[in-house]
Amino acid sequence: MPSSSLTVIVSAGQSRNPEKRDLEQAVVDGASSLSGVKVLRIPHLYDLAKDGETYQTLRKIEGDIVLMTWMYTRAAHWIMDRNGVRGQFGVVELEQEFDDADEVEKNDGADDLGDDRVATIYPRPARGIYTLDFRASTDPNEFIAEIERIGAISNSSVGVVSSQPLTLEMLARFDLPTNDTYIGAPPPPSTGSELSTLFGTSSVAVIEEHPARRWYPVIDFSRCTNCMECIDFCLFGVYGIDSLETIVVEQADNCRKGCPACSRVCPQNAIIFPQHKTPAIAGAPVDSGGLKIDLSKLFGAPDDGEDAAAAAVRERDEQLVLAGREAVGTSTGLSERLAAGREKTTQPDQLDDLLEQLDALDL
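So, a few notes on the structure that sits alongside this text. These numbers come from a predicted model, not from an experiment.

Thresholds, definitions, all that
Residues numbered from 1 in each chain as written. Predicted model: local features only at pLDDT ≥ 70, side-chain atom pairs only at ≥ 80, totals over all residues. Heavy atoms only, no water. Helix = DSSP H or I, 4+ residues; strand = E, 2+ residues; numbered from the N terminus. Polar contact = N/O pair within 3.5 Å; in protein donor to acceptor, adjacent residues only side chain to side chain. Contact = heavy atoms within 4.5 Å. Buried < 20%, exposed > 50% of the residue type's maximum accessible area, 1.4 Å probe, protein only. Pairing = 2+ DSSP bridges. Salt bridge = Lys/Arg side-chain N within 4 Å of Asp/Glu carboxyl O. Phe/Tyr/Trp six-rings, centres within 6.5 Å; stacked < 30°, edge-to-face > 60°. Lys NZ or Arg CZ within 6 Å of the ring centre and 35° of its normal. Expected span 1.5 Å × (residues − 1). Core = buried A, V, L, I, M, F, W, Y, C linked by side-chain atoms within 4.5 Å.

Here we take up the side chain of Asp133. By the secondary structure assignment, Asp133 is in strand β5 (residues 128-133). A polar atom in the side chain of Asp133 sits 2.8 Å from the side chain of Arg135. Beyond its immediate sequence surroundings of up to four residues, Asp133 is in contact with Thr69, Trp70, Met71, Tyr72, Thr73, Gln96 and Phe143.

Bringing the environment of Ile219 into the picture now. Locating Ile219 in the fold gives a position in strand β7 (residues 218-219). As for Ile219 and Asn269, which are separated by 50 residues in sequence, their C-alpha atoms are 9.3 Å apart. Among residues more than four places away in sequence, those in contact with Ile219 are Trp78, Cys224, Tyr239, Ile247, Val248, Val249 and Ala270.

Let us now look at the pairing of β5. Where burial is concerned, most of β5 is hidden: six out of the six residues are buried. Residues of β5 alternate between two faces, with Gly128, Tyr130 and Leu132 on one and Ile129, Thr131 and Asp133 on the opposite face, all of them buried. Here strand β3 (residues 65-69) runs beside β5; their pairing, made up of five bridges, is parallel. Following the sheet pairing, Ile65 is matched in β5 by Ile129.

So, on to the pattern of salt bridges. Going through the model one piece at a time under the given rule, you end up with eleven salt bridges. Ionic pairing is found between Arg149 and Glu93, a salt bridge with its closest N-O pair at 3.7 Å. Taken together, the positions of Arg149 in helix α5 (residues 140-153) and Glu93 in the loop between β4 (88-89) and α4 (118-121) put the pair 56 residues apart, joining distant regions of the chain. With relative accessibility at 23%, the residue Arg149 sits in the partly exposed group. Overall, Glu93 belongs to the exposed group, its relative accessible area being 60%. One salt-bridge network, in which partners are shared between bridges, spans Arg21, Glu24 and Arg41.

Per the counting criterion, the structure on display carries six aromatic pairs. For the pair Trp215 and Phe273, a centre-to-centre distance of 5.1 Å together with 20° between the ring planes defines the contact as stacked. Taken as a pair, Trp215 in the loop between β6 (204-206) and β7 and Phe273 in the loop between β10 (271-272) and α10 (279-282) lie far apart in primary sequence, 58 residues in all. Phe273 shares its class with Trp215; the two are buried. Site record: aromatic cluster; members linked through ring pairs are Trp70, Phe134 and Phe143. Cation over ring: Arg316 sits above Phe233, and NZ or CZ is 4.0 Å from the ring centre. Between Arg325 and the ring centre of Phe236, over which it is positioned, the NZ or CZ distance is 5.4 Å.

Phi angles above zero are rare outside glycine, and Met228 is one such case at about 75°. On the secondary structure map, Met228 appears in the loop between β7 and α8 (229-233). Even without being a glycine, Asn269 presents a positive backbone phi close to 55°. As for its position among the elements, Asn269 is in the loop between α9 (261-265) and β10. Asn269 gets classed as buried once you look at its relative accessible area, which sits at 8%.

Once that is clear, we can look at α5. Compared with an ideal rise of 1.5 Å per residue, which puts 14 residues at 20 Å, α5 spans 21 Å between its outermost C-alpha atoms and is within 8% of the ideal. Among the residues making up α5, those that are buried are Phe143, Ile144, Glu146, Ile147, Ile150 and Ile153. Contact partners of the buried residues in α5: β1 (6-11), α1 (18-32), β3 and β5. The N-cap residue of α5 is Asp139: its side-chain oxygen and the backbone nitrogen of Asn141 are 2.9 Å apart.

Here we take up α1. End to end, α1 covers 21 Å across 15 residues, agreeing with the expected 21 Å (1.5 Å per residue, within 8%). Where α1 is concerned, the buried positions are Leu23, Glu24, Val27, Val28, Gly30, Ala31 and Ser32. Elements that come into contact with the buried residues of α1 comprise β1, β2 (37-42), β3, α5 and β6. For α1, the N-terminal capping position is held by Asn17, with its side-chain oxygen 2.8 Å away from the main-chain nitrogen of Glu19.

To continue, consider the nonpolar core. Membership of the largest hydrophobic core comes to 51 residues, with the highest contact counts inside it found for Leu45, Leu58 and Tyr239. With five residues, the single largest contributor to this core is helix α3 (residues 73-82). If we ignore the near neighbours within four places in the chain, the residues touching Leu58 are Ile9, Leu40, Ile42, Leu45, Met80 and Val85. Listed in part, the 24 residues of the second largest apolar core include Leu6, Val37, Val92 and Ile147.

Shown next, in the form of structure tokens:
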């Protein structure tokens, strides 16, 4: 496939809702009629294995990508990144709208993570990955118009956030680690012949895989500062460290289904569980820059009066017991930051400060 073409990837939803399937089909039909656009239909992105046919195919795609899913765009982008399909955040104009009940804040770029973010230290390739959430509209024509707009700016610096190509010097720093979740250099460029065979004379191709539903954390490396609190807290062997001493999800299927505890202890809200019912944990856009409290106090604790650390410890203990192990409470994996935060939240004056900050946000 020529690098100048635009590939639209349509990831099917997990449910069999006919309205969702109709919207997906309408977008496929409309996008495939656009000049220079190839459309690839795949199963649900989150459930697929890295060594399966779908990801092997996706890693051969050159040029810009429009990714369409039924997940928050931040989650979908980093699921792709985890599986070796990497690029810069493409700026999209068709976005899901949030109301007050969604408990999310739009990320306006005002975070204070600076140069400590993993994605800044190890930049991704310059090509754009433009992610669209099917929940942004019920009108397929709006998606077609957005794809057409993206196609017009594809392969230019316009519309791509922080495009910084990998240089030979950067590539020399990446030694391939032994696990399957490395964040280093992408595989060698493809000749495109495999994709030509896949599409043939059509502008639409379909990959059939039938994965089981999965549950595992996805790391947002644009927020992750490699603090390692998650690997200390998780006791199920989910996390590991690659050859660059960077945190990775090493054994994804070791994760306990339904448990989001590690996301609650992450100080940067960098751990995503795409299928969780809480928007911020599921990957909704958030901004911690102007908020001088732990985001998990807003989005994390499921019970009134329970701080995020307590919720995380409780959830972890529940899973340990279900796995036939003993609960450990706060004796294991609780960082000094979390321990100090728990002490502070028990004091009335700190609670008053928290409420004042919430009032100032005008949520």
